[in-house]
Amino acid sequence: MKYDNITKGVFIQRVNRFIAKVEIDGCPQAVHVKNTGRCRELLIPGCEVWLTAPQTAGRKTKYDLVTVRKNTGVLFNIDSQAPNKVMKEWLAAQDYSKIIPEFSFGASRIDFYMEKEAPGAKPRRFLMEVKGCTLEVDGIGYFPDAPTERGVKHIKELIRAKEEGYEAALAFVIQMDGVKEVRPNVDMHPEFGTAMEEAVAKGVRILCLPCHVEPGELVFA
């Protein structure tokens, strides 16, 4: 997944969940933060950031903040929409006969529904929920970095899907280099960890998908 254009800046401060101040070519500007998580260990005053300018009509801000260099020197993509985009690209290259994003199941929309043809039998049905991991501690990824009742709800839907005959998976797209494992952040949200344990016990697959990050690119490693 590549961005059409990319601009370098210096992070100044986060105003709220959606807006930050960034210095671009020596001029402070308000920019949109494409991640409502806390990102406290990433968005530190003075850090290098990269932004894209979508040029969408009616926007209040010109730029979206998408990439950050952590104080360890590692680049992190923090665009919350990027994991689904890179996953969609990857799924399209696999041997699925049908791929439907934002599939309605139960009381939720699950990120992807897929089918695979099975000769002489009904197609195999898959449901996949995708989560982007942007929190790293000592080489391990953790999710979530803020409480997510929506995330718990999605896991419970995957468990129900498995019980109804679907093949179900929870996929973590790791939005940084050098990390291969994601664990539930039980200190932040114990219920999410409990839900993950139940999902594993019920046969839901947990996928940890490492990525390579460039200022204007996110690709599976």
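Worth saying up front: this structure is predicted, and the values here are computed from it rather than measured. (Residues numbered from 1 in each chain as written. Predicted model: local features only at pLDDT ≥ 70, side-chain atom pairs only at ≥ 80, totals over all residues. Heavy atoms only, no water.)

### Here's the deal with the side chain of His-154
Right, on to step 1. Mapped onto the secondary structure, His-154 falls in helix α2 (residues 149–163).
Right, on to step 2. His-154 gets classed as buried once you look at its relative accessible area, which sits at 3%.
Right, on to step 3. If near-sequence neighbours (up to four positions away) are discounted, His-154 is found in contact with Ser-108, Arg-109, Ile-110, Glu-129 and Lys-131. (Helix = DSSP H or I, 4+ residues; strand = E, 2+ residues; numbered from the N terminus. Buried < 20%, exposed > 50% of the residue type's maximum accessible area, 1.4 Å probe, protein only. Contact = heavy atoms within 4.5 Å.)

### Thoughts on the sheet that holds strand β13 (residues 182–184)
The strands that make up a sheet pair up through hydrogen bonds in the backbone, lying either parallel or antiparallel.
Right, on to step 1. What the three strands build is an open sheet, ordered β10-β11-β13; its pairing is mixed. Since the sheet does not close on itself, it has two edges, and those belong to β10 (135–137) and β13, each with one partner. Here the average twist between neighbouring strands, direction ignored, is 40°. (Pairing = 2+ DSSP bridges. Axes fitted to C-alpha atoms, helices over the stretch in contact; angles between N-to-C directions.)

### Focus: the pairing of strand β3 (residues 27–33)
Right, on to step 1. Pairing analysis gives six bridges linking strand β2 (residues 19–24) to β3, with the strands arranged antiparallel. Bridging from a neighbouring strand, Val-22 pairs with Gln-29 of β3.
Right, on to step 2. Counting the residues in the hairpin turn of β2 and β3 gives two residues, including Asp-25, whose phi is positive at 50°.

### A closer look at the pattern of salt bridges
Right, on to step 1. Within this structure, the stated rule accounts for 14 salt bridges.
Right, on to step 2. Ionic pairing is found between Lys-70 and Glu-136, a salt bridge with its closest N-O pair at 2.8 Å. Of this pair, Lys-70 sits in the loop between β5 (64–69) and β6 (75–77) while Glu-136 sits in strand β10, and the two are 66 residues apart along the sequence.
Right, on to step 3. When its relative accessible area of 11% is taken as the criterion, Lys-70 is described as buried.
Right, on to step 4. Taking relative accessible area as the criterion, Glu-136 reaches 16% and is therefore assigned buried.
Right, on to step 5. One salt bridge connects Glu-157 with Arg-160, and the closest N-O pair in it is separated by 3.3 Å. Remark: Arg-160 and Glu-157 occur in helix α2; sequence separation between them is three residues, near one turn of the helix.
Right, on to step 6. Take Glu-157: its relative accessible area is 7%, and that puts it in the buried class.
Right, on to step 7. Each of Lys-8, Glu-48 and Arg-69 takes part in salt bridges that share partners, so that together they form one network. (Salt bridge = Lys/Arg side-chain N within 4 Å of Asp/Glu carboxyl O.)

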